[in-house]
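Tertiary structure, described
Chain by chain, the residues run as shown.
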Amino acid sequence: MATLKYDKDGRLLFTKEMKHDYKILIPAMAPYHFEYFVHSLKSEGYDAEVIKTTDFDVIHEGMKYSHNDICVPAMLVIGQFIDYIKRHNIDKHKIAVIITQTGGGCRASNYVSLIRKAFKKANLEFIPIISVNAVGLEKNPGFRVSLTLLMKLITALMMGDLLMQLYNETAPYEKNKGETEVVYQEVNTYLNAYFYKPARRVFYHPKKLFERVIKRFSQIDVDKRVKKPKVGIVGEIYVKYSPLGNNDLEKTLRNEGCEVITPNILDFFLYTFDSSIYDIETYGGSTISKYAYKFLIKFIEHRRNKVRKQLKKYGFNVFTTYKELRKLSEGFIKKGMHVGEGWLLTAEMLELIHSGAPNIICTQPFGCLPNHIAGKGMIKKIKKAYPKSNIVPIDYDTSATEINQMNRIKLMITNAKRNLTKGDKNV
Ligand code: SF4
């Protein structure tokens, strides 16, 4: 057992010794992306695992160890950690957990302290919590986002975004049922292997690898003459992507005969960098940080442009640039509204409408004020500008029944199918 060390404020640290002995648990959120995080970490000498449990015990533990007015994502993350640790026959003294900390104004900045409090209540306070953040919050001697790891994480997010798009764009139209899933599993084997390449290779964008994936998906036999309503999923980042948080909304929509469009996760990261720039310019702060954030946005967009070109080459939809996305929300919501998903949420709804997907589900977790403002609170304004848009806000509350959510979703789909038959144009 590693010796427990604390900082001067009494915070338990993840030490260098733990790096070699401990397994880092990652709470599930984005199924297309998070396995690549595991490979990024493993290839850098850490042991890691994404928790996949989604049953009621997770909710039960979350409710038991967090306050009942906490937002649903925080509660589910706490529930997943505690349920996993209790349920598995593992050495609890060789486990650490990892979580992002945005540094913004909502609870996403306080997850770490909420988890710490829950662990104390569950007599698990000896488990170190690693915070991943871009604003210099809690540091740990045994965990560092090195340049190599950062490059891998950026590529991991790009890969996840790409696969999410290709899967959702192909699966509803496949002629041979299940072929998209087979191809997805197939490409995953060589995408996973990428992370173990020599470090110098990860500094270059793996253009050929991305092209190989896109080309492989383009070979799936599809029938695009079949008309299906396009339904976009937007909302708070956790409930938007997490099947645990949204009762597997993506699958539900596909089963109901829709083509699902889920916006890219990387836009959220660009938005958080951009929000830091906004704050520095408005309230003051480090000029070095400001230029570092600007560089990161340009760097990621430069790489994404290469993916855009390849998607176009093989006949897939080309996703909007961050610059265009940013512009879309102008006149609707101010850039200073960057708590939670902030103006990005509004921009994503507008982007969907502009790209021919006016049917939108805006996922809203219980206890999340910022996204009720930027999501539900903006729907009236958007509908006024685009009267034919078909937007439905859905509240995700673990104590509410799934039937209520389904009724509202089905009503939205019925309208979407009716509009499709009428051949409505929305913009
Ligand atoms: S954005 Fe909302 S749901 Fe997400 S952490 Fe913040 S308060 Fe919770």
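To keep things clear, this report deals only with the structure shown in the data block. Predicted model, so just to flag it, every value in this text is computed and none were measured. (Residues numbered from 1 in each chain as written. Predicted model: local features only at pLDDT ≥ 70, side-chain atom pairs only at ≥ 80, totals over all residues. Heavy atoms only, no water.)

**Brief notes about the overall build of the protein chain**
When you go through the protein chain residue by residue, the secondary structure sums to 16 helices and eight strands. A principal-axis box enclosing the C-alpha atoms of the protein chain has dimensions of 70 × 50 × 45 Å. Looking at the protein chain residue by residue over its 427 residues, the buried ones come to 54%. Long-range pairs, those at least 24 residues apart, make up 73% of the contacts in the protein chain with a sequence separation of at least 6. Roughly 20000 Å² of accessible area belongs to the protein chain as shown, and the carbon and sulfur atoms make up 55% of that amount. The averaged location of the 44 negative side-chain charges in the protein chain is 6 Å from the averaged location of its 66 positive side-chain charges. (Helix = DSSP H or I, 4+ residues; strand = E, 2+ residues; numbered from the N terminus. Buried < 20%, exposed > 50% of the residue type's maximum accessible area, 1.4 Å probe, protein only. Contact = heavy atoms within 4.5 Å. Areas by Shrake-Rupley, 256 points an atom, 1.4 Å probe, with all protein chains shown as cover. Lys, Arg positive; Asp, Glu negative; His and termini not counted. Charge placed at Lys NZ, Arg CZ, Asp CG, Glu CD.)

**A look at unusual backbone geometry**
The backbone of Asn 123 shows a phi angle near 55°, a positive value even though the residue is not glycine. Along the chain, Asn 123 falls in the loop between helix 5 (111-121) and strand 4 (129-132). Even without a glycine there, the phi angle at Asp 248 is positive, about 50°. Assignment of secondary structure puts Asp 248 in the loop between helix 9 (237-241) and helix 10 (249-255).

**Some remarks on the nonpolar core**
Phe 119, Phe 217 and Leu 253 are the most contacted members of the largest nonpolar core, which has 137 residues in total. It is helix 6 (residues 147-170) that contributes the most residues to this core, twelve residues altogether. Those residues within four positions of Phe 119 in sequence are excluded, and the remaining contacts are Phe 81, Ile 82, Ile 85, Val 97, Leu 124, Glu 125, Ile 127 and Ile 129. (Core = buried A, V, L, I, M, F, W, Y, C linked by side-chain atoms within 4.5 Å.)

**Brief notes about the site of the ligand**
As a structural note, the neighbourhood of the ligand is formed by Cys 71, Pro 73, Cys 106, Arg 107, Ala 108, Tyr 111, Glu 236, Gly 340, Pro 365, Cys 368 and Asn 371. The residue inventory of the shell around the ligand, partitioned by class, reads seven nonpolar, two polar and two charged. (Near = heavy atom within 4 Å. Nonpolar A, V, L, I, M, F, W, Y, C, P; charged D, E, K, R; others polar.)

**Let's talk about a nonpolar patch on the surface**
Judged by side-chain polarity, Leu 147, Phe 203 and Tyr 204 come together as a nonpolar surface patch covering roughly 350 Å² of accessible area. Along the polypeptide, Tyr 204 turns up in the loop between helix 7 (179-194) and helix 8 (207-218). (Patch = residues over 30% accessible without salt bridge, like charges linked within 9 Å, V, L, I, M, F, W, Y side chains within 5 Å. Salt bridge = Lys/Arg side-chain N within 4 Å of Asp/Glu carboxyl O.)

**Structural notes on the sheet that holds strand 4**
Taken together, four strands build an open sheet; the order of strands is 2-1-3-4 and the sheet is parallel. Only two strands of the sheet have a single neighbouring strand rather than two, namely strand 2 (47-50) and strand 4. Averaged over neighbouring strand pairs, the angle between their axes works out to 30° when direction is ignored. Note: strand 1 (residues 23-26) against strand 2, four bridges, orientation parallel. Across the sheet, the residue bridging to Lys 23 is Asp 47, located in strand 2. Relative to strand 2, helix 2 (residues 34-42) is tilted by about 175°, and along the sheet it contacts strand 1 and strand 2. (Pairing = 2+ DSSP bridges. Axes fitted to C-alpha atoms, helices over the stretch in contact; angles between N-to-C directions.)

**A word on a positive patch on the surface**
A grouping of Lys 207, Lys 208, Lys 306 and Lys 309 is seen on the molecular surface, where their side chains present a positively charged patch. Every element with two or more residues in the positive patch is listed here: helix 8 and helix 12 (287-313). Within the secondary structure, Lys 309 sits in helix 12.

**Some words on the layout of surface pockets**
For the second largest pocket, the calculated volume is near 1100 Å³. Surrounding the second largest pocket, 42 residues form its lining, Tyr 32, Tyr 167, Glu 181, Glu 250 and Arg 254 being those nearest its centre. Among the residues making up the lining of the second largest pocket, the classes are represented as 19 nonpolar, twelve polar and eleven charged. (1 Å grid on protein atoms, 1.4 Å probe; cavity = no way out; pocket = protein on both sides within 12 Å on 5 of 7 lines; lining within 4 Å. Points joined across faces, edges and corners; volume = space filled by probe spheres on them.)

**As for helix 14 (residues 342-354)**
The end-to-end C-alpha separation of helix 14 is 19 Å, in line with the 18 Å expected for 13 residues at 1.5 Å each. Here helix 14 lies mainly inside the structure; twelve of its 13 residues are buried. When helix 14 is considered as a whole, its buried residues turn out to be Gly 342, Trp 343, Leu 344, Leu 345, Thr 346, Ala 347, Glu 348, Met 349, Leu 350, Glu 351, Leu 352 and Ile 353. Note on helix 14: the residue one or two positions beyond its end, Gly 356, has a positive phi of about 85°. (Expected span 1.5 Å × (residues − 1).)

**Some thoughts on the packing of aromatic side chains**
Geometry of an aromatic ring pair is reported as the spacing of the ring centres plus the angle between the planes. All chains considered together, the criterion is met by 15 aromatic pairs. Aromatic pair Phe 34 and Phe 37: ring centres 4.9 Å apart, planes at 35°, arrangement tilted. Here the residue Phe 34 and the residue Phe 37 both occupy positions in helix 2, the gap between them amounting to three residues, near one helical turn. The exposure class of Phe 34 is buried, given its relative accessible area of 12%. Considering the side-chain rings of Phe 295 and Phe 299, the 5.9 Å spacing of their centres and the 25° angle between planes classify their relative orientation as stacked. (Phe/Tyr/Trp six-rings, centres within 6.5 Å; stacked < 30°, edge-to-face > 60°.)

**Details of the packing of helix 6 against helix 12**
At a minimum axis distance of 12 Å, the contact between helix 6 and helix 12 shows a crossing angle of 35°. Helix 6 and helix 12 meet at a crossing whose hand is right-handed. Contacts between helix 6 and helix 12 involve Met 151, Ile 154, Thr 155, Met 158, Leu 162, Gln 165 and Leu 166 on the former and, on the latter, Leu 296, Phe 299, Ile 300, Arg 303, Arg 304, Val 307 and Leu 311. (Left-handed = near helix turned anticlockwise from the far one by under 90°.)

These values are about where atoms sit, not about what they do.
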